[in-house]
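# Coordinate analysis (summary)
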Amino acid sequence: ERNLIAVDNKRGRVKDAIQKYIDYMKEKEAAGEVDIVPPFEGIQGVEGKELSLVNGFFYDTAEDFDYCPATRYIQWSFLEEMAGPAFSIAASQGLSYNSFSWNSFASDLETYSWDNVQSSAPGVLLSAELMGYDEDTWDCCVNHYENYDWEEFLDGNEDVKLALEILGYHKGTWESTSIEDNRSWSDLTEFQQAAAQYICYEEPSWNEDTLPWMPTNPSTPKDASFTAPAVNYKDWSDLSILEKTNAVKLGYNDDTWDEYGGTAQYLSFSDLKPEWQTAARALGYDEETWDCYVNHYMDYSFSEIQDDDDPKFALAFKVLGWTPEGWDSTSTKDDSLTQYKTWDELTELEQAAAEYICYTREEWNSRLGVSDEEDDFDTCPSGRYINWGALEVLAGPSYVTAASKGLFYSQNRWDAFDNPIEDLDWESLMVSAPGTLHSLSAMNYNEDTWDCCVHHYDNFDYYELLSEGYSEVVDALQILGYDAVKWDSGYEEDRDWSELTEFEQTAAEYLCYSEPLWNGDPLPWNVKRATPAKDAANEACPEIDSKTWDELTKQQRFSAQILKYDRETWDSDEGNSVTSLSWDSLSDRMRVAAEALGYTEETWDCCVNHYEDYTFLEITLFNDEKFKLSFNILGWSANAWESVTDRDDPDAEDKEWDELTPLQQAAARYQCYTPETW
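Within every chain, residues take consecutive numbers counted from 1 along the sequence as written. The model is predicted, so local features are restricted to residues of pLDDT at least 70 and side-chain atom pairs to those at 80 or more, both for listing and for counting; the totals for chains, interfaces and linings are taken over all residues. In computing side-chain values, all of the structure's heavy atoms are included and hydrogens and water are not.

### As for the overall build of the protein
Defined as follows: Think of it this way: any DSSP run of H or I at least four residues long counts as a helix, any run of E at least two long counts as a strand, and we number them from the N terminus. Remark: exposure states derive from per-residue accessible area (1.4 Å probe, protein chains only) relative to the maximum for the residue type, with buried under 20%, exposed over 50%, and partly exposed in between. Pairs of residues are marked as contacts when any of their non-hydrogen atoms sit within 4.5 Å. Reported accessibility uses the Shrake-Rupley method at a 1.4 Å probe radius. Residues are deemed covered only where the shown protein chains occlude them.
Summing up its helical and strand segments, the protein has 39 helices and two strands in all. Taking all 678 residues of the protein together, the buried fraction comes to 45%. Sequence separation of 24 or more characterises 59% of the internal contacts of the protein that already satisfy a separation of 6 or more. For the protein, the accessible area works out to roughly 35700 Å², and carbon and sulfur atoms hold 47% of it.

Structure follows, in structure tokens:
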């Protein structure tokens with residue numbers, strides 16, 4: 001509830017600020033003081049689900065900020081060109097920046113917290129909001145909490161205080177005006193860098209580099225002086241016979257090794273039996289590496305943790321929410337709440353603390369029995385697609401009893417998928433017929449698989465899907481041509497599966513349809529998969545796209561060389577300076593060379609450039625809704641797309657092809673990526 005209120009307040013605050021600025025600029029224009037009123041379009045109301053487009057900028061309506069406004073890190077001389085005249089006016093006239101104070105982060109205003117700015121210079125808030133700032137982003141990204149007293153961190157900012165403690169601060173050093181932190185970014189350990197990032201520093205801002213930034217990415221000192229033995233990262237199947245023998249002595253087998261189980265892991269090295277210590281040493285462990293990478297200090301008392309010579313060690317447990325009482329208690333009710341969070345639910349600071357005590361993402365999630373797979377379930381229960389006549393033989397009599405007596409299926413209802421119970425979502429089913437739970441479980445259904453595989457989310461309102469975390473379901477619906485009005489009105493799709501494009505078929509599969517289910521075929525199924533309709537967005541990539549350099553003719557190689565290719569860049573799919581250009585940006589000579597290789601404007605921009613040279617505004621104006629959706633599905637926003645730094649890139653950009661969800665893979669294919677080019 002607090003988050004929803006914060007979202008509504010922020011939307012209203014941004015909208016009001018924009019409207020005031022529009023009115024102000026119109027007055028200035030009427031008075032002849034300005035010649036051009038910047039274009040303002042697409043301002044959304046509180047109920048809007050999209051991002052609000054204002055002079056090319058999108059204001060994120062999420063309750064928390066994911067990154068600092070990227071436009072603050074554009075050097076002054078390019079600011080108007082890259083951020084727009086409205087942003088430039090807000091920076092220069094509203095916040096009194098000039099070239100020096102902007103590029104060197106030397107404005108007096110940046111030493112103020114948001115509250116101090118509001119009280120001492122209330123007029124600048126409008127400009128700050130126009131630049132994308134609010135209280136959270138200003139205090140973190142601009143002021144880095146430097147204007148806060150130590151006691152203020154005790155009132156809702158405990159994690160900021162912990163980050164400062166990890167960096168070595170305490171009340172005296174933080175509030176002192178005579179002590180300066182002269183460490184460079186490369187002097188900080190990994191844990192300390194994570195703490196610095198938590199208070200919105202990056203390498204260049206920590207080092208007080210002036211714009212434009214040219215990060216050097218120096219090597220980072222490790223927090224620990226030891227590293228895990230190689231065996232720590234091997235699967236059971238990769239262990240040698242000798243390694244397996246020693247692992248068995250420690251109580252491991254093929255299941256517990258790969259799932260980070262085993263008896264010995266609950267003991268510190270000093271508490272292991274002598275023969276277990278020998279086996280552990282044979283696997284490459286010593287006391288330090290065993291206690292960190294295997295035991296994660298679970299066998300330590302909290303007093304032992306606090307007595308460690310490294311103050312960051314105790315702080316890691318504090319960041320993870322542990323108290324002496326909770327750690328030493330034998331009752332799980334005293335556990336830290338982070339113990340029951342998945343890795344993705346941890347804050348960045350909590351993840352850094354977990355890494356400090358040698359957890360990996362996989363091992364952390366394994367404690368909770370959580371797979372690191374993207375999807376909640378792999379397949380729909382296969383028993384539902386056996387025709388009624390063969391059901392007892394293939395699925396068993398108890399399955400038939402659950403289907404017939406528990407869920408009231410008959411042969412006609414089963415084979416034709418025509419049971420009224422399938423019109424109910426799981427939650428409605430539990431309210432109206434709670435006695436069906438036993439039968440549903442016997443048929444291997446849970447809430448996820450029922451709502452997707454049987455119900456296909458038909459009973460969900462459009463905005464209910466958005467508010468309850470089904471954003472990718474909404475993406476799939478939009479790919480299929482649905483909007484809120486169309487979905488909530490009960491519009492029924494009358495296209496055959498073969499009429500869907502490959503992108504649309506993937507979206508339908510995300511809603512747990514298969515070809516016969518989509519077409520309404522009764523059981524038994526005898527499916528020959530139809531060829532999908534061609535996606536209208538782009539022509540097929542030219543055949544030359546799949547050829548190696550050695551397979552090119554002499555003339556084709558000459559054309560490729562005009563486009564700055566050589567053998568290495570052609571065969572590696574790495575691209576070059578020309579592939580980063582759209583067709584419109586190519587020289588006339590380059591276009592002739594590209595045409596000689598079989599490319600057109602459409603195929604070049606998709607198959608070679610993948611639209612990377614387009615502005616986000618050009619993408620949003622493209623006359624193809626699925627095209628725009630493909631960028632949303634891959635996590636792109638206007639701020640991230642136009643950003644000059646990689647830190648704003650969506651998570652999908654750092655994933656291998658096999659790590660993408662099926663919907664993300666379809667979106668990437670829609671932009672002409674293959675697994676190799678991705």
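### Some remarks on the pattern of salt bridges
Note the following rule: Salt bridges, as used here, are contacts in which a Lys or Arg side-chain nitrogen is within 4 Å of a carboxyl oxygen on Asp or Glu.
Counted according to the given criterion, the structure contains 15 salt bridges. Among the salt bridges present, the one from Arg72 reaches Glu110, with a minimum N-O distance of 3.0 Å. Of this pair, Arg72 sits in the loop between β2 (57–59) and α2 (79–83) while Glu110 is found in the loop between α4 (99–103) and α5 (114–120), placing the two residues 38 residues apart along the sequence. Given a relative accessible area of 4%, Arg72 falls into the buried group. What makes Glu110 buried here is its relative accessible area of 10%. Its salt-bridge partner being Glu422, residue Arg384 comes within 3.1 Å of it at the nearest N-O pair. Here the residue Arg384 occupies a position in the loop between α20 (361–367) and α21 (388–395), and Glu422 occupies one in the loop between α23 (411–415) and α24 (426–432), the gap between them amounting to 38 residues. Accessibility assignment for this pair places Arg384 and Glu422 in one class, buried.

### Regarding the state of the cysteines
In plain terms, the rule: The disulfide definition used here is simple: a pair of cysteine sulfur atoms within 2.5 Å.
This model, assessed by the stated rule, comprises seven disulfides. The partner cysteine of Cys140 in its disulfide is Cys200, sulfur to sulfur 2.0 Å. Because the sign of the S-S torsion sets the handedness, a value of about 100° for the bond joining Cys140 and Cys200 places this disulfide among the right-handed ones. Note that Cys140 is positioned in helix α7 (residues 135–142) and Cys200 in the loop between α10 (190–198) and α11 (203–206), a separation of 60 residues in sequence. Residue Cys140 is classed as buried on the basis of its relative accessible area of 1%. At a sulfur-sulfur separation of 2.0 Å, the disulfide partner of Cys452 is Cys512.

### A word on helix α12 (residues 241–249)
Stated precisely, the cut-off is as follows: An arc is given here, and it is the one of the directions from the helix axis to the C-beta atoms.
Turning to α12, its buried residues are Glu243, Asn246 and Ala247. For α12, the angular spread of buried residues about the axis comes to 105°, placing them on one side. The exposed residues of α12 that point more than 90 degrees off its buried face are Ile241 and Leu242. Directly beyond the C-terminal end of α12, a positive phi value near 90° is found at Gly251.

### Digging into the environment of Tyr457
Of note, Tyr457 is situated in the loop between α26 (447–454) and α27 (462–467). A relative accessible area of 7% places Tyr457 in the buried class. In this structure, the C-alpha to C-alpha distance between Tyr457 and Asp425, residues 32 residues apart in sequence, is 7.0 Å. When near neighbours in sequence (up to four residues on either side) are disregarded, Tyr457 contacts Asp451, Cys452, Leu465, Tyr470, Val473, Trp487 and Leu511.

### Some thoughts on the environment of Asp423
Looking at the secondary structure, you find Asp423 in the loop between α23 and α24. Discounting residues that sit within four places of it in the chain, Asp423 has contacts with His455 and Asn459.

### Considering the packing of aromatic side chains
Convention followed: Any two of the Phe, Tyr and Trp rings considered here, Trp counted by its six-membered ring, make a pair once their centres fall within 6.5 Å; the pair's planes then place it as stacked at under 30 degrees, edge-to-face at over 60, or tilted in between. By the criterion adopted, a ring carries a charge over it if an Arg CZ or a Lys NZ lies within 6 Å of its centre and within 35 degrees of its normal.
Under the definition given, this model contains 52 aromatic pairs. Summarising the aromatic geometry, the rings of Phe313 and Phe317 are spaced 5.4 Å apart at their centres and angled 80° between planes, so their arrangement reads as edge-to-face. Taken together, the residues Phe313 and Phe317, both in helix α17 (residues 311–319) and four residues apart, mark about one turn of the helix. When its relative accessible area of 1% is taken as the criterion, Phe317 is described as buried. The structure contains a cluster of three or more aromatic residues connected by ring pairs, namely Tyr297, Tyr300, Phe302, Phe313, Phe317, Trp322 and Trp327. Between the NZ or CZ atom of Arg384 and the centre of the ring of Trp414, over which it lies, the distance is 3.9 Å. Lying over the aromatic face of Tyr491, Lys486 brings its terminal NZ or CZ to 4.6 Å of the ring centre.

### Some words on α10
Buried within α10 we find Phe191, Gln192, Gln193, Ala194, Ala195 and Ala196. Where the residues of α10 are buried, they touch α8 (158–166), α11, α17 and α19 (348–356). Cys200 occupies a position one or two residues after α10 and carries a positive phi of about 70°.

### Considerations on the packing of α8 against α17
Here is the rule we go by: Orientation is described by lines fitted to C-alpha atoms, with helices fitted over the stretch in contact, and by angles between N-to-C directions that extend from 0 to 180 degrees. Here the angle decides the label: under 35 degrees means roughly parallel, over 145 means roughly antiparallel, 65 to 115 means roughly perpendicular, and every other value means oblique. By convention the crossing between two helices is left-handed if the near helix lies anticlockwise of the far one by an angle smaller than a right angle, and right-handed if it lies clockwise. Throughout, the ten residues Ala, Val, Leu, Ile, Met, Phe, Trp, Tyr, Cys and Pro are labelled nonpolar, Asp, Glu, Lys and Arg are labelled charged, and all others, Gly among them, are labelled polar.
Where α8 meets α17, the closest approach of the two axes is 10 Å, and the angle between their N-to-C directions is 165°. Overall, the two elements α8 and α17 adopt an arrangement that is roughly antiparallel. As α8 runs across α17, the sense of the crossing is left-handed. Residue-level contacts link Lys161, Leu162, Glu165 and Ile166 of α8 to Lys312, Leu315, Lys318 and Val319 of α17. For the contact of α8 with α17, a count of residues per class yields four nonpolar, no polar and four charged.

### Some remarks on the environment of Gly481
When you line up the elements, Gly481 lands in the loop between α28 (471–479) and α29 (484–488). Put simply, Gly481 and Lys626 are 145 residues apart on the chain and 8.4 Å apart in space, counted from C-alpha to C-alpha.

### Focus on the packing of α17 against α19
Their axes nearest at 9 Å, the elements α17 and α19 cross at an angle of 130°. Judged by the inter-axis angle, α17 sits oblique to α19. The interaxial crossing formed by α17 with α19 has left-handed handedness. Residues Lys312, Phe313, Ala316 and Val319 of α17 pack against Leu349, Glu350, Ala353 and Tyr356 of α19. For the contact of α17 with α19, the per-class residue count stands at six nonpolar, no polar and two charged.

### Topic: the nonpolar core
Stated precisely, the cut-off is as follows: Throughout this description, the term nonpolar core refers to a set of buried Ala, Val, Leu, Ile, Met, Phe, Trp, Tyr and Cys residues connected via side-chain atoms within 4.5 Å.
Of all hydrophobic cores here, the largest spans 90 residues; its most connected members are Trp414, Leu465, Leu563, Tyr599 and Trp604. The residues contacting Tyr599, other than those within four sequence positions of it, are Pro542, Ile544, Asp545, Trp583, Ala594, Trp604, Cys607 and Val608. Counting residues in hydrophobic clusters, the runner-up holds 75 residues, among them Cys68, Leu211, Ala352 and Tyr359.

### Details of unusual backbone geometry
Phi at Phe105 is positive, roughly 55°, even though this residue is not glycine. Assignment of secondary structure puts Phe105 in the loop between α4 and α5. Taking relative accessible area as the criterion, Phe105 reaches 25% and is therefore assigned partly exposed.

### A few points about the side chain of Gln671
Just so we agree on the cut-off: Polar contacts, as used here, are pairs of N or O atoms within 3.5 Å; protein pairs need one atom able to donate a hydrogen and one able to accept it. Residues neighboring in sequence count only if both atoms are side-chain atoms.
Within the fold, Gln671 resides in the segment after α39 (662–670). Overall, Gln671 belongs to the buried group, its relative accessible area being 3%. Looking at Gln671, its side chain comes within polar contact range of the side chain of Ser630, at 3.0 Å. Setting aside residues no more than four positions away along its own chain, Gln671 makes contact with Cys606, His610, Tyr611, Ser630, Phe631 and Leu634.

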